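# Overview (structure and organization)
The primary structure of each chain is shown beneath.
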Amino acid sequence: MSAPASSPVGAAPLTLPVLDEVAQVPPAPPTEVRRRRRIGRRAATGCWNALAVVLSVLFGFPIYWMLITSFKTGADINRLVPQFWPHHPTLRGFREVLGDPIFRDDLLNSVIITLGAVGISLVIGFFGALAIARFRFAGRRVFVVAVLLVQMIPLIALTIPLSLLLDSYQLKNTIPGVVLSYLVFTTPYTVWTLRTFIANIPRELDDAALVDGCTRWQTFRLVILPLVAPGLIATGVYAWILAWNEFVFANTLLVDNDKQTAMVYLLIFQSSPTHGADYGGLMAAATLTALPVVLLFAAFQSRISTGLTAGAVKG
């Protein structure tokens, strides 16, 4: 066997580089890192703000167009080149709509139906949510899932069964019948929403009240109800929007003009032979119909914000 080859005489021995001697890239100073992060956060904030402005314009332009159209004359509305500001503002559309007795009756019907539906659904929903959040009983989870699934059913799928059911009890084409039908979609919403607010209240407060000598009713009235009041207001406002904007049930279950709601009035106004092309009056009626919701939000804005943040922690 041949001997292993040896390095030539006088040659320097081969050595591996030591890891500590490898040139290291010096880290960036802390001030530079903070500056880069600050620039990145500012760029991200600017992008999100720009996206918010674009979405606000897209969602707000139909409302703006409805408002300015309600103040335009018929000639300005039918111009080939659209006007983004009324050059000849007029209140003719508002006078015509407010002078219509059918609109006043339908607006009053909307207020009565919405108040009835929201009030009943808040009472039922509050006690139902209290039972779900505070007590353990057989079928509790099934009930919670059922409440969630009911909200996924489209209202148009329930129109014919509800119409036949109310007709059998002589409640079709009546305001109480429509109020009961509105409970189909307002009550599950209130139960699901109020459950979050009640679950956010510590149980220790109930136990402390009972230890201090309060009864169950006093615990409910003095402890739970005041703490969940912002949630009741926020839930009531959103339930009001659901009931106020409902169209399918009202258009199907109410036949007489003096019993219909404001949403149905807009359809009748548009399809009537005398007002069919009166787009200024139609936009004025739409503005007056949307005004109660805007006023409601303006009146309870702070309480709505408090209620939403109070129920966003625990559920």
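Attention here is on the structure that accompanies the text. Note on numbering: residues in each chain are counted from 1, in written sequence order. In view of the model being predicted, local features appear only for residues whose pLDDT reaches at least 70, and side-chain atom pairs are presented and counted only at 80 or more, with totals across whole chains, interfaces and linings using the full set of residues. To obtain the side-chain values, all non-hydrogen atoms of the structure were used and water was disregarded.

### Some remarks on the overall build of the protein
Helix numbering and strand numbering both begin at the N terminus, where a helix is a DSSP run of H or I of at least 4 residues and a strand a DSSP run of E of at least 2. A count of helices and strands for the protein gives 13 helices and zero strands. In the protein, the succession of helices and strands from N to C terminus is α-α-α-α-α-α-α-α-α-α-α-α-α. Exposed residues in this analysis have more than 50% of their type's maximum accessible area, buried residues have under 20%, and partly exposed residues fall in between, with area computed by a 1.4 Å probe over protein chains only. Evaluated residue by residue, the protein yields a buried proportion of 34% over its 315 residues. Contacts were defined at the residue level, with two residues in contact if any of their heavy atoms lie within 4.5 Å. Contacts spanning at least 24 positions in sequence make up 73% of the contacts within the protein whose residues lie at least 6 apart. For the accessible areas, the method is Shrake-Rupley and the probe is 1.4 Å, while residue cover comes only from the protein chains on display. Here the protein displays about 19800 Å² of accessible surface, and carbon together with sulfur accounts for 69% of that area.

### Some words on the nonpolar core
Residues belong to one nonpolar core when they are buried, are Ala, Val, Leu, Ile, Met, Phe, Trp, Tyr or Cys, and are joined through side-chain atoms within 4.5 Å. Counting residues in each nonpolar core, the largest one holds 34 residues, and the members touching the most others are Val97, Phe126, Leu194, Ile198, Val228, Leu232 and Trp240. Looking at this core element by element, the count peaks at nine residues for helix α9 (residues 216-244). Not counting residues up to four positions away in its chain, the partners in contact with Phe126 are Ser121, Leu194, Ile198, Phe220, Ile224, Leu225, Val228 and Leu232. Counting residues in hydrophobic clusters, the runner-up holds 14 residues, among them Leu162, Val179, Phe185 and Ala243.

### Quick look at empty space enclosed by the protein
Cavity means a closed set of points on a 1 Å grid over the protein atoms alone, one where a 1.4 Å probe fits but cannot get out, pocket means an open set with protein on both sides within 12 Å along at least 5 of 7 lines, and lining means a residue has an atom within 4 Å of a point. Grid points are joined across faces, edges and corners, and a volume is the space filled by probe spheres set on the points. Under the definition given, this model contains one cavity of 30 Å³ or more. Roughly 30 Å³ of internal volume is contained in the largest cavity. As for the largest cavity, its lining consists of Ser110, Ile113, Thr114, Tyr182, Ala243, Trp244 and Thr261. When residues of the lining of the largest cavity are traced back to their parent elements, those giving at least two are α4 (101-134) and α9. The dominant element in the lining of the largest cavity, judged by the number of residues it contributes, is α4, at three residues. Classes in brief: Ala, Val, Leu, Ile, Met, Phe, Trp, Tyr, Cys and Pro nonpolar; Asp, Glu, Lys and Arg charged; the others, Gly included, polar. The residue makeup of the lining of the largest cavity, split by class, is four nonpolar, three polar and no charged.

### What about helix α7 (residues 175-199)?
Expected helix span is computed as 1.5 Å times (number of residues minus one). The terminal C-alpha atoms of α7, which comprises 25 residues, lie 35 Å apart, in line with the 36 Å expected from a rise of 1.5 Å per residue. At Val184, α7 shows its largest kink, close to 40°, and the proline Pro188 lies no more than four residues downstream. Judged by how many residues are buried, α7 sits mostly within the fold: 20 of 25 residues are covered. You can read the cap of α7 off the contacts: a side-chain oxygen lies 3.3 Å from the backbone nitrogen of Gly177, and it is on Thr174. For a residue, the bend is simply the angle between two axes, fitted respectively to the seven-residue segment ending there and the seven-residue segment starting there. Polar contacts here mean pairs of N or O atoms no more than 3.5 Å apart (in protein, one a potential hydrogen donor and the other a potential acceptor; neighbouring residues in sequence count only if both atoms are side-chain atoms).

### A short note on a nonpolar patch on the surface
Only residues above 30% relative accessible area that lack a salt bridge enter a patch, with like-charged residues linked at up to 9 Å and the nonpolar side chains Val, Leu, Ile, Met, Phe, Trp and Tyr linked at up to 5 Å. By salt bridge we mean one thing: a side-chain nitrogen of Lys or Arg within 4 Å of a carboxyl oxygen of Asp or Glu. A cluster of nonpolar side chains, Trp48, Leu51, Val54, Leu55, Leu58 and Phe59, forms an exposed patch at the surface whose accessible area comes to about 670 Å². As for its placement among the helices and strands, Leu51 is situated in helix α1 (residues 30-70). Taking relative accessible area as the criterion, Leu51 reaches 39% and is therefore assigned partly exposed.

### Focus on the packing of aromatic side chains
Centres within 6.5 Å are what make two rings of Phe, Tyr or Trp a pair, Trp counting through its six-membered ring; a difference in plane orientation under 30 degrees is then read as stacked, over 60 as edge-to-face, and the rest as tilted. Tallying each qualifying case throughout the model produces 15 aromatic pairs. Of the aromatic side chains, those joined through ring pairs into one cluster are Phe61, Tyr64, Trp65 and Phe84. Above the plane of the ring of Trp65 lies Lys72, whose end atom (NZ or CZ) is 4.4 Å from the centre. Only Lys NZ and Arg CZ are tested; either one counts as a charge over a ring when it is within 6 Å of the ring centre and within 35 degrees of the ring normal. A cation over an aromatic ring shows up here: Arg195 above the ring of Trp192, its NZ or CZ 5.6 Å from the ring centre.

### Regarding a positive patch on the surface
Just so you know, the count uses Lys and Arg for positive and Asp and Glu for negative, and it drops His and the chain ends. The location of each charge is read from NZ of Lys, CZ of Arg, CG of Asp or CD of Glu. Side chains of Arg34, Arg37, Arg38, Arg41 and Arg42 sit close together on the surface and give a patch of like positive charge. With respect to the helices and strands, Arg38 occurs in helix α1.

### Considering the side chain of Thr289
Position of Thr289 relative to the elements: it lies in helix α12 (residues 279-299). According to the relative accessible area criterion, Thr289 is buried, its value standing at 2%. With residues near it in sequence (within four places) discarded, Thr289 still touches Phe103, Trp244, Ala262, Met263 and Leu266.

### A short note on the side chain of Lys72
Relative to the helices and strands, Lys72 resides in the loop between α1 and α2 (74-77). The buried charged residue Lys72 lacks any salt bridge partner; its closest oppositely charged side chain belongs to Asp76, at an N-O distance of 7.3 Å. At 2.5 Å, the side chain of Lys72 and the backbone oxygen of Gln83 are in polar contact. Excluding anything up to four places from it in sequence, Lys72 contacts Trp65, Ile77, Gln83, Pro86 and Thr90.

### Overview of the environment of Val293
Locating Val293 in the fold gives a position in helix α12. Residue Val293 is classed as buried on the basis of its relative accessible area, which comes to 15%. Once the C-alpha coordinates of Val293 and Asn245 are considered, the two residues, 48 residues apart in sequence, prove to be 9.5 Å apart. Once you skip the residues sitting within four places of it in the chain, Val293 turns out to touch Trp240, Ile241 and Trp244.

### Concerning the environment of Gly116
Residue position: Gly116 is located in helix α4. A sequence separation of 64 residues divides Gly116 from Leu180, and the C-alpha atoms of the two residues are 8.8 Å apart.

### Focus: the pattern of salt bridges
Here the structure, examined in full by the defined rule, presents four salt bridges. A salt bridge links Glu96 to Arg92; the shortest N-O distance between them is 2.9 Å. Taken together, the residues Glu96 and Arg92, both in helix α3 (residues 92-98) and four residues apart, mark about one turn of the helix. Measuring nitrogen to oxygen at the nearest pair gives 3.8 Å for the salt bridge that ties Asp256 to Lys259. Here Lys259 falls in the partly exposed class, since its relative accessible area comes to 26%. Salt bridges here are not isolated pairs; linked through shared partners, they connect Arg92, Glu96 and Asp278.

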